[in-house]
Amino acid sequence: AIVIALGLAGAGWLAANGMARLRTADRFVTVKGSAEKIVNADLVVWPLAQSVGGNDLTAVQAQLEANTRTIRDFLIQAGFGDGEIVLSPPRLEDRWAYAFGDNRPPERFRYSNTVTLRTARVQEALAALRRSGDIVARGVMLNTEEGGGPQFDYTQLNAIKPALIAEATANARKSAEQFAKDSGARLGGIRTANQGVVS
């Protein structure tokens, strides 16, 4: 009888401890960590959009070609090669095709294209950008509404991503440790982890 009583008591104690662990297993805190690193851009994409209007299609086309040569000459004189300059196909719009009477615009044709500089030479591109008024001084009106500003990119993100993730994880753990300290709890291991977004 004593052995059976001791067995029952031991089983009850084990069951109670198991239930307590079951209840505490769901106690966790979710924290987020972040990391930031300032890097220099290593790619510049600078679209130079322009358009020409008029009623004589031949004259409009000639003017667009002249403007395109002016933009290309500016970029070549700035030290960039043909491999860094991309010319988009021209877009022709007949503005009288769907306009009648008083709604008809004074210029029938609108001809446009974009000359894009794509280069890894960021400093040279910045110097050219500062002198972009020279293009306007040569008679070319740039259309800044169509993405006329340069875009600076960093293409080596995978090289710095592991260090960023490690720093963000360390920052998240510091937050969790402070949370545990303030609540009088003990911090365990990581339950789940999510890399989040690197931008």
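The rules behind each value
- Residues numbered from 1 in each chain as written.
- Predicted model: local features only at pLDDT ≥ 70, side-chain atom pairs only at ≥ 80, totals over all residues.
- Heavy atoms only, no water.
- Salt bridge = Lys/Arg side-chain N within 4 Å of Asp/Glu carboxyl O.
- Helix = DSSP H or I, 4+ residues; strand = E, 2+ residues; numbered from the N terminus.
- Buried < 20%, exposed > 50% of the residue type's maximum accessible area, 1.4 Å probe, protein only.
- Pairing = 2+ DSSP bridges.
- Core = buried A, V, L, I, M, F, W, Y, C linked by side-chain atoms within 4.5 Å.
- Expected span 1.5 Å × (residues − 1).
- Polar contact = N/O pair within 3.5 Å; in protein donor to acceptor, adjacent residues only side chain to side chain.
- Contact = heavy atoms within 4.5 Å.
- Phe/Tyr/Trp six-rings, centres within 6.5 Å; stacked < 30°, edge-to-face > 60°.
- Lys NZ or Arg CZ within 6 Å of the ring centre and 35° of its normal.

(A) Region of interest: the pattern of salt bridges. In total, this model carries five salt bridges according to the counting rule given. One salt bridge connects Glu-84 with Arg-121, and the closest N-O pair in it is separated by 2.7 Å. Remark: Arg-121 occurs in the loop between β4 (109–119) and α3 (122–130) and Glu-84 occurs in the loop between α2 (57–77) and β2 (85–87); sequence separation between them is 37 residues.

(B) Structural context of the pairing of β4. Counting buried positions along β4 yields nine of eleven residues, so the element is predominantly enclosed. Where strand β1 (residues 43–54) lies against β4, eleven bridges are found, and the strand directions are antiparallel. Counterpart to Ser-51 in the pairing with β4 is Ser-112. Summarising the sheet, β2 and β4 pair through three bridges and their orientation is antiparallel. Across the sheet, Val-86 pairs through a bridge with Thr-116, a residue of β4. Bridge analysis of strand β3 (residues 91–94) against β4 gives four bridges, and the strand direction is antiparallel. Bridge pairing in β4 links Arg-91 to Ser-112.

(C) Highlighting the nonpolar core. Within the largest apolar cluster, 16 residues are counted, with the highest numbers of intra-cluster contacts made by Trp-46, Ile-71, Leu-75 and Leu-117. At the level of secondary structure, the elements contributing two or more residues to this core comprise β1, α2, β4 and α3.

(D) Up close: helix α5 (residues 157–183). Spanning 27 residues, α5 covers 38 Å between terminal C-alpha atoms, matching the ideal 39 Å at 1.5 Å per step. Burial in α5 covers these residues: Ile-160, Leu-164, Ala-168, Ala-172, Ala-176 and Ala-180. Taken from the residues just after α5, Gly-184 is the one with a positive phi, measuring 70 degrees.

(E) Region of interest: the side chain of Asn-113. For Asn-113, the location among the structural elements is in strand β4. Side chain to side chain, Asn-113 and Gln-50 meet in a polar contact 3.1 Å long. Of the polar contacts made by the side chain of Asn-113, one reaches the side chain of Thr-68; its length is 2.9 Å. The contact partners of Asn-113, leaving out residues within four places of it in the chain, are Leu-48, Ala-49, Gln-50, Leu-64, Thr-68, Leu-87, Ser-88, Pro-89, Pro-90 and Arg-91.

(F) Molecular detail of the packing of aromatic side chains. If you walk through the whole model with that rule in mind, you get zero aromatic pairs. In this arrangement the basic side chain of Arg-104 is found over the ring face of Trp-96, its NZ or CZ atom lying 4.6 Å from the centre.

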